[in-house]
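Descriptive structure summary
Spelled out from the first residue to the last, the chains are:
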Amino acid sequence: MAVLTWSETYSVGSAMIDSDHRILINLINQLHDAIETGQSRAVVGSVINVLVEYVEHHFHREEALMTQIGYPEREQHIQSHRDLENRVREARQRWMAGERQVLDDDLMVFLKRWLTDHILRADIAYRPWVEAAAGTHGDAD
Ligand SMILES: [Fe+2]
């Protein structure tokens, strides 16, 4: 069951970041499915591993973009990235230690809400800077 779907209203003006966001939504949906269908600790663990790695990869890429476009709220935005990374890493650690209830509905609701709120509010906020930079360099995507 797909729980989240990317739509154009989530676009931040960068094809690369939009693609990352689609992948993250997909991974959260996969995690949801793995839990719903009662997959083993190893299987769910491997989905969490991919999610943690992709979250880190994506955040670093997005932070580099914010530097490149001179986004003034960068520091505050980065702090919210570190907070989510810590939360997801902690969930992974607890899951690997055998705490099945760590991936209960609360965590899934938290992840879905965090992702949609973060993209819709925090990420969308830098869109004008992405567009301005694309206009300057003539390489809008
Ligand atoms: Fe972000």
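This one's a predicted model, so the numbers in the text were calculated from it and none came from an experiment.

Some points on helix α2 (residues 41-68)
- Taking 1.5 Å of rise per residue, the 28 residues of α2 would be expected to cover 40 Å, and the 40 Å separating its terminal C-alpha atoms lies within 8% of that figure.
- Backbone geometry just after α2 places Gly70 at a positive phi near 65 degrees.

With respect to the coordination of the iron ion
- Distances from the iron ion to its protein donors, namely Glu62 (OE), His77 (NE2), His81 (NE2), His118 (NE2) and Asp123 (OD), fall within the range 2.0 to 2.3 Å.
- Under the relative-accessibility criterion, His81 is labelled buried at 0%.
- Using a relative accessible area of 7% as the deciding quantity, one classes His118 as buried.

Re the nonpolar core
- Of all hydrophobic cores here, the largest spans 29 residues; its most connected members are Leu31, Leu51, Leu103 and Leu111.
- The element that contributes the greatest number of residues to this core is α2, accounting for eight residues.

Here's the deal with the pattern of salt bridges
- Counted by the stated rule, this structure contains nine salt bridges.
- Here Glu56 and Arg89 are joined by a salt bridge, their closest N and O atoms 2.7 Å apart. Here the residue Glu56 occupies a position in helix α2, and Arg89 occupies one in helix α3 (residues 74-96), the gap between them amounting to 33 residues.
- Judged by relative accessible area, Arg89 falls into the partly exposed class, the value being 33%.
- Ionic contacts of the salt-bridge type, sharing partners, join the residues Glu56, Glu63, Arg82, Glu85 and Arg89 into one network.

A short note on the packing of aromatic side chains
- Evaluation of the coordinates by the stated rule reveals three aromatic pairs.
- When the centroid spacing of 5.9 Å and the interplanar angle of 70 degrees are considered together, the rings of Tyr71 and Tyr126 count as edge-to-face. One end of the pair, Tyr71, is in the loop between α2 and α3; the other, Tyr126, is in the loop between α4 (105-123) and α5 (127-137), and 55 residues separate them in sequence.
- Every member of this aromatic cluster is reached through a ring pair, and the members are Tyr71, Tyr126 and Trp129.
- Lying over the aromatic face of Phe110, Arg87 brings its terminal NZ or CZ to 4.0 Å of the ring centre.

Some details on the packing of α2 against α3
- Where α2 meets α3, the closest approach of the two axes is 10 Å, and the angle between their N-to-C directions is 170 degrees. Considering the angle they form, α2 stands roughly antiparallel to α3.
- For the contact of α2 with α3, a count of residues per class yields 11 nonpolar, six polar and nine charged.

Calculation criteria
Residues numbered from 1 in each chain as written. Predicted model: local features only at pLDDT ≥ 70, side-chain atom pairs only at ≥ 80, totals over all residues. Heavy atoms only, no water. Helix = DSSP H or I, 4+ residues; strand = E, 2+ residues; numbered from the N terminus. Expected span 1.5 Å × (residues − 1). Donors = N, O, S within 2.8 Å, 3.2 Å for Na, K, Ca; no water. Buried < 20%, exposed > 50% of the residue type's maximum accessible area, 1.4 Å probe, protein only. Core = buried A, V, L, I, M, F, W, Y, C linked by side-chain atoms within 4.5 Å. Salt bridge = Lys/Arg side-chain N within 4 Å of Asp/Glu carboxyl O. Phe/Tyr/Trp six-rings, centres within 6.5 Å; stacked < 30°, edge-to-face > 60°. Lys NZ or Arg CZ within 6 Å of the ring centre and 35° of its normal. Axes fitted to C-alpha atoms, helices over the stretch in contact; angles between N-to-C directions. Parallel < 35°, antiparallel > 145°, perpendicular 65-115°, else oblique. Nonpolar A, V, L, I, M, F, W, Y, C, P; charged D, E, K, R; others polar.

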